[in-house]
Amino acid sequence: MTSTSTTLPRPAGFSLDLRLQQPLLIVLAAAAPLVALAFGASWVRVLDFALLYVLLAIGLNLVVGFAGLLDLGYIAFYAVGAYTWAFLASPHFGIHLPFWIVLPLGAAFAALAGIMLGFPTLRLRGDYLAIVTLGFGEIIRIFMNNLNQPINITNGPQGIDMIDPLTIAGIDLSRNLDLFGMQVPSLVLYYYAFLGAVVLALVLVRRLQISRIGRAWAAIREDELAAKAIGIDTRMMKLLAFALGATFGGVSGGLFAAFQGFVSPESFSLMESIVVLTMIVLGGMGNLAGVVFGAIVLTALPELLRHFAVPLQVALFGKTLLDPEVLRMLLLSLAMILMMLWRPAGLLPARTRYAHREGRKA
Amino acid sequence: MITLLESRTVNKRFGGLQALTDVSLKIHRGEVYGLIGPNGAGKTTFFNVLTGAYPIDGGEFVMNGAELPAGKPHRIVAHGIARTFQNIRLFRDLTALENVMAGHHIRTSAGVWGILAQSRAAREEERLVTERALEILDYVGIGRHADTVARNLSYGDQRRLEIARALATEPQLLALDEPAAGMNATETAGLRALIETIRADGVTVLLIEHDVKLIMGLCDRVAVLDFGKKIAEGTPAEVQRDPGVIRAYLGDHRAH
Amino acid sequence: METLLQQTLNGLVAGSIYALVALGYTMVYGILGLINFAHGEIVMVGALVALQTILFLSSAVPGLPPLVLLLAGVVVAVPACMALGYLIERIGYRRLRNAPRLAPLITAIGVSFLLQTLAMIIWGREFHVFPQLIDTAPMQPVAGVVVSPMQIFTIVVAFTLMGGLMLLVNKSRLGRAMRATAENHRVAGLMGINANGVIAATFIIGSGLAALAGVLFASNYAIAHYSMGFTPGLKAFTAAVLGGIGNLPGAMVGGLVLGLVESFGAGYIEHLSFGFLNSSYQDIFAFMILGAVLIFRPSGLLGERVADRA
Ligand SMILES: Nc1ncnc2c1ncn2[C@@H]1O[C@H](COP(=O)(O)OP(=O)(O)OP(=O)(O)O)[C@@H](O)[C@H]1O
Ligand SMILES: [Mg+2]
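Rules of the game
Residues numbered from 1 in each chain as written. Chains lettered and ligands numbered in written order. Predicted model: local features only at pLDDT ≥ 70, side-chain atom pairs only at ≥ 80, totals over all residues. Heavy atoms only, no water. Near = heavy atom within 4 Å. Polar contact = N/O pair within 3.5 Å; in protein donor to acceptor, adjacent residues only side chain to side chain. Donors = N, O, S within 2.8 Å, 3.2 Å for Na, K, Ca; no water. Helix = DSSP H or I, 4+ residues; strand = E, 2+ residues; numbered from the N terminus. Core = buried A, V, L, I, M, F, W, Y, C linked by side-chain atoms within 4.5 Å. Buried < 20%, exposed > 50% of the residue type's maximum accessible area, 1.4 Å probe, protein only. Contact = heavy atoms within 4.5 Å. Buried area = accessible area lost by both parts, 1.4 Å probe. Salt bridge = Lys/Arg side-chain N within 4 Å of Asp/Glu carboxyl O. Patch = residues over 30% accessible without salt bridge, like charges linked within 9 Å, V, L, I, M, F, W, Y side chains within 5 Å. Areas by Shrake-Rupley, 256 points an atom, 1.4 Å probe, with all protein chains shown as cover. Lys, Arg positive; Asp, Glu negative; His and termini not counted. Charge placed at Lys NZ, Arg CZ, Asp CG, Glu CD. Axes fitted to C-alpha atoms, helices over the stretch in contact; angles between N-to-C directions. Parallel < 35°, antiparallel > 145°, perpendicular 65-115°, else oblique. Left-handed = near helix turned anticlockwise from the far one by under 90°. Nonpolar A, V, L, I, M, F, W, Y, C, P; charged D, E, K, R; others polar. Pairing = 2+ DSSP bridges.

Q: Hey, could you run me through the site of ligand 1 in this one?
A: Taken together, 15 residues form the shell around ligand 1, and within it N39(B), G40(B), K43(B), T44(B) and T45(B) come nearest. Residues close to ligand 1 are split across chains B and C. Within the backbone of G40(B), a nitrogen or oxygen atom sits 2.8 Å from an oxygen atom of ligand 1. Measuring from an oxygen atom of ligand 1, one finds a backbone N or O atom of A41(B) at 3.1 Å.

Q: Is there a simple way to think about the coordination of the magnesium ion (ligand 2) in this case?
A: Distances from the magnesium ion (ligand 2) to its protein donors, T44(B) (OG1) and Q86(B) (OE1), fall at 1.9 to 2.1 Å. Residue T44(B) is located in helix α1 (residues 43-50), and its partner Q86(B) is located in the loop between β6 (81-83) and α3 (96-103); the two are separated by 42 residues in the primary sequence.

Q: Looking at this model, I keep getting lost on the nonpolar core. Mind explaining?
A: Soluble globular proteins tend to bury their nonpolar side chains together. With 235 residues, the main nonpolar core has L70(A), W217(A) and F37(C) as its most contacted residues. Tallying contributions element by element places helix α2 (residues 41-66) of chain A first for this core, with 15 residues. Grouped together as the second largest cluster of nonpolar side chains are 44 residues, V140(B), A180(B), L214(B) and V224(B) included.

Q: Just to check I follow, could you spell out the environment of A182(C) for this structure?
A: Residues and elements named next belong to chain C. Among the structural elements, A182 can be located in helix α6 (residues 173-183). The sequence separation of A182 and L260 amounts to 78 residues, and the corresponding C-alpha distance is 30 Å. If we ignore the near neighbours within four places in the chain, the residues touching A182 are G30 and I31.

Q: Please explain the interface of chain C and chain A as it appears in this structure.
A: When the parts of a complex come together, some accessible area is lost, and that lost area is often taken as the interface size. On the chain A side, the residues contacting the 44 residues of chain C number 45 residues. Contact between chain C and chain A buries roughly 4,100 Å² in total, counting both sides, with carbon and sulfur atoms accounting for 78%. At the junction of chain C and chain A, the tally comes to 1 salt bridge. The partner of R125(C) in a salt bridge is D323(A), and the shortest N-O contact between them spans 3.5 Å. Where chain C touches chain A, the interface holds 2 residue pairs in polar contact (both at pLDDT 80 or more).

Q: What should I look at first to understand a positive patch on the surface in this one?
A: Together, K171(C), R173(C), R176(C) and R179(C) make up a region of like positive charge exposed at the surface. At 3 residues, α6(C) tops the list of elements feeding residues into the positive patch.

Q: Explanation requested: the packing of helix α2 (residues 39-60) of chain C against helix α3 (residues 66-93) of chain C in the structure shown.
A: If you want to describe how two helices pack, look at the angle between their axes and the distance between the axes. All names here are of chain C. Their axes nearest at 8 Å, the elements α2 and α3 cross at an angle of 140°. Of the possible angle classes, the one that applies to α2 and α3 is oblique. Seen from above, α2 lies across α3 with right-handed handedness. In this structure, α2 uses I42, V45, G46, V49, A50, T53, I54, L57 and S58 to contact α3, whose residues at the interface are L69, L70, A72, G73, V76, A77, A80, C81, L84, G85 and I88. Across the contact of α2 with α3, the residue classes break down as 15 nonpolar, 5 polar and no charged.

Q: Any chance you could explain the sheet that holds strand β1 (residues 3-14) of chain B here in plain terms?
A: Hydrogen bonds between backbone groups are what pair the strands of a sheet, and the pairing can be parallel or antiparallel. Residue and element names in this part refer to chain B. Strand order in the open sheet made by the 4 strands is β2-β1-β4-β5, with antiparallel pairing throughout. If you trace the sheet from one side to the other, it starts and ends with β2 (17-28) and β5 (66-67), each paired once. Relative to strand β4 (residues 58-63), β1 is paired through 5 bridges, and the arrangement is antiparallel. Residue pairing for β4: E6 is matched across the bridge by V62.

Q: What is the right way to read the sheet that holds strand β10 (residues 229-234) of chain B from this model?
A: Residues and elements named next belong to chain B. Reading across from one edge, β6-β7-β8-β3-β9-β10 is the order of the 6 strands in this open sheet, with mixed pairing throughout. Each edge of the sheet is formed by a strand with only one pairing partner; in this case those strands are β6 and β10. Adjacent strand axes in the sheet meet at a mean angle of 20° when their direction is disregarded. The sheet contact formed by β6 and strand β7 (residues 173-177) spans 3 bridges and is parallel. In the strand pairing of β7, R83 is matched with A175. Taken strand by strand, helix α7 (residues 185-200) contacts β3 (32-36), β7 and β8 (204-208), and its axis lies near 150° from that of β8.

Shown next as structure tokens:
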């Protein structure tokens with residue numbers, strides 16, 4: 001222990017010096033795709049998806065973790081963003097707008113959808129909200145599936161393909177980049193673009209969290225009646241959380257469409273909403289580090305299962321008893337139940353929540 | 001004497017139960033006004049309709065000459081009314097400081113864009129709020145617990161924190177629902193001193209209390225509720241002599 | 001006119017099944033204030049356990065009459081689901097009664113997905129044909145309306161069960177204890193009622209009804225599948241909200257109304273939307289009703305307004 005004898009002993013384990021923690025994380029995040037590349041391009045793809053999920057989880061966490069509103073149809077906002085991109089940047093309608101128009105538009109449509117859904121429902125008790133949002137997610141999916149006739153809007157279950165990739169400053173991220181004679185693979189380019197989005201999202205969300213708005217959300221989450229009694233317009237604040245959360249969903253959806261080059265209703269099932277919810281439950285609701293952690297772990301999970309659980313089963317029983325998909329669902333649902341029963345604050349619960357009082361002596 | 005808050009024939013029903021019947025009273029600026037009565041008399045209900053937690057079934061509240069918006073809690077706070085709860089309702093997982101800072105919400109104005117961009121105004125406001133919240137914590141006497149999570153505070157300190165949070169909304173009328181309930185003698189004495197300071201600083205206090213000594217010592221005037229009706233009003237001494245009040249408390253009319 | 005009658009009949013059949021499931025939602029909500037997301041999965045388990053039993057019996061003892069097979073399926077499925085409902089409450093929800101309100105809700109979602117996954121592991125992903133032990137072929141049309149013995153059977157069974165439940169709740173000691181516990185756990189405790197026991201009983205009864213609903217559902221539509229409980233579960237919840245959550249007659253009325261709306265809606269949606277929407281949109285009716293009820297009459301058709309206590 002160092003000189004500060006007055007402070008409580010830190011819990012053993014993760015007592016990494018805070019000043020070291022950040023640069024370490026940055027180096028780790030920057031080097032990750034290069035390390036992954038050594039194991040094969042498919043692992044870089046996993047990382048790319050992990051970042052998209054991180055973005056989604058950050059957005060959902062704003063709604064569930066900060067404001068305490070259980071949204072089970074969150075993936076619908078992702079779908080709105082993705083389809084916006086698909087409509088406005090693909091041969092489907094023959095429109096090819098640049099990303100700096102499509103992405104904000106997708107975000108705006110998602111926010112609008114959030115407001116339209118939230119406006120009538122947010123004055124209701126929290127558990128009704130869960131059901132209504134779940135229903136909303138299903139309705140959006142039914143429409144995506146069926147709006148191919150009488151007029152073909154969504155192209156139905158086949159989805160829309162040949163979607164324009166992300167092109168930033170003239171660089172087409174879907175092609176390998178020749179950087180001073182070095183070939184940077186497309187997957188790595190996308191990785192850094194997504195990483196930029198994630199870092200920006202983290203900064204912005206953190207700013208919200210420690211602001212008067214973040215405190216109002218926390219107040220609503222803790223005790224809605226008391227929040228009203230101190231003058232918080234709870235309905236407006238919930239609507240704001242909903243709209244901002246949806247915005248993140250919309251942005252990640254757009255990026256997803258561009259990255260994948262293809263969207264179909266299948267990508268936006270209820271299961272996806274549940275997966276994102278499990279990410280934040282696992283990491284720790286309301287805690288940004290935990291949310292990032294949860295998203296990365298759960299995105300990597302299916303891959304890890306494919307690579308390890310299957311060979312393990314074959315070695316043990318001579319055949320695959322549980323395929324990776326089933327195993328994943330099993331682990332997700334168990335994680336949700338067990339976390340709530342035994343570690344409701346998540347694997348990485350917030351240790352110091354806000355640092356409002358830098359340097360004040362007691 | 002200037003009237004700060006007036007209730008005019010306020011009524012509240014719960015199904016078949018008439019919880020408040022034509023309750024009219026005037027609270028003067030700068031006084032401590034007591035609201036007493038037996039259990040179930042309707043005192044807390046009066047607070048709940050006053051602050052908009054429950055919709056009102058008849059009558060109205062007038063604050064500084066303006067009618068209060070019924071059933072809109074956050075706008076009623078903006079008119080200068082703050083309350084505490086009989087069964088403490090803090091934001092239990094937030095620190096004491098955060099609780100009070102949340103109380104400043106209505107007196108601050110930083111918007112989403114200012115916060116996202118960390119504009120000068122937003123940062124300045126945040127700094128001021130932090131400073132002011134710490135002052136209020138000191139004012140109610142729990143400044144040293146600023147970083148303690150609310151649930152971990154002692155019972156008496158939780159009551160004080162609730163008052164601090166209410167004060168952060170900068171009220172003209174502070175409505176306290178049994179603030180001394182569950183306190184020991186020392187804590188009660190401290191609370192009494194605090195309420196006196198609050199009054200001296202120009203905040204009018206509406207006080208529900210069962211502790212007779214506290215009521216006698218603090219209140220300028222007292223109203224008595226029984227079965228939802230105001231049965232007496234006056235100085236504590238007058239009310240204490242009122243035969244109707246004595247009967248209500250002894251409860252002899254309940255036997256019939 | 002004929003289609004009108006026909007759609008009424010179809011709506012009543014679906015609606016009475018929704019009503020049975022809705023009762024389980026509403027009873028649990030009335031007592032615990034919890035949306036038991038896993039309730040729809042009990043319907044699925046009921047259907048699949050009954051199917052398993054029937055398949056086993058008909059191959060072990062060939063030549064058993066269909067009604068006996070169906071009865072055997074019910075006799076096994078109902079207790080199995082009751083036990084399952086009890087376990088879910090005991091292991092999952094009971095520990096969370098005083099937890100922050102999101103915790104039991106998220107647990108319930110987890111349980112729902114866990115049950116689906118387990119069913120997928122046991123019964124596979126494929127659709128199973130549920131044997132038609134009671135004739136689902138239409139009988140001779142009466143006044144132009146075709147009706148099958150199975151449909152009549154469904155309506156009779158469902159209404160009998162609902163009547164039985166009403167008797168139980170209104171007349172029996174257990175029913176009184178349930179109503180008292182719904183009012184207030186602590187006070188019920190003071191009155192000498194074992195609240196834990198009553199809550200367990202509520203889950204057991206609700207699960208039994210759900211199991212029967214599962215068998216009826218699978219028999220009517222001749223199909224059983226690991227995810228078959230989810231949509232009817234959601235719809236039944238909608239029915240419970242429509243009738244006024246926590247209110248038993250409300251759940252029944254809500255279920256029937258929802259069944260009718262769906263049946264009529266599917267028939268007329270093309271006309272109503274000028275050919276833009278077709279019957280593949282049938283499932284959105286439930287959600288639209290849910291949204292409309294929550295916006296315009298959150299207390300439901302038969303519910304009364306209750307404010308949160310301040
Ligand atoms: N939300 C509610 N729903 C139904 N009845 C209520 C509600 N709130 C209060 N009541 C009833 O209204 C009456 C007045 O209650 P209230 O809480 O205002 O009494 P009180 O004077 O504050 O009593 P105490 O001194 O015990 O706090 C009581 O009969 C109570 O049961
Ligand atoms: Mg009271």
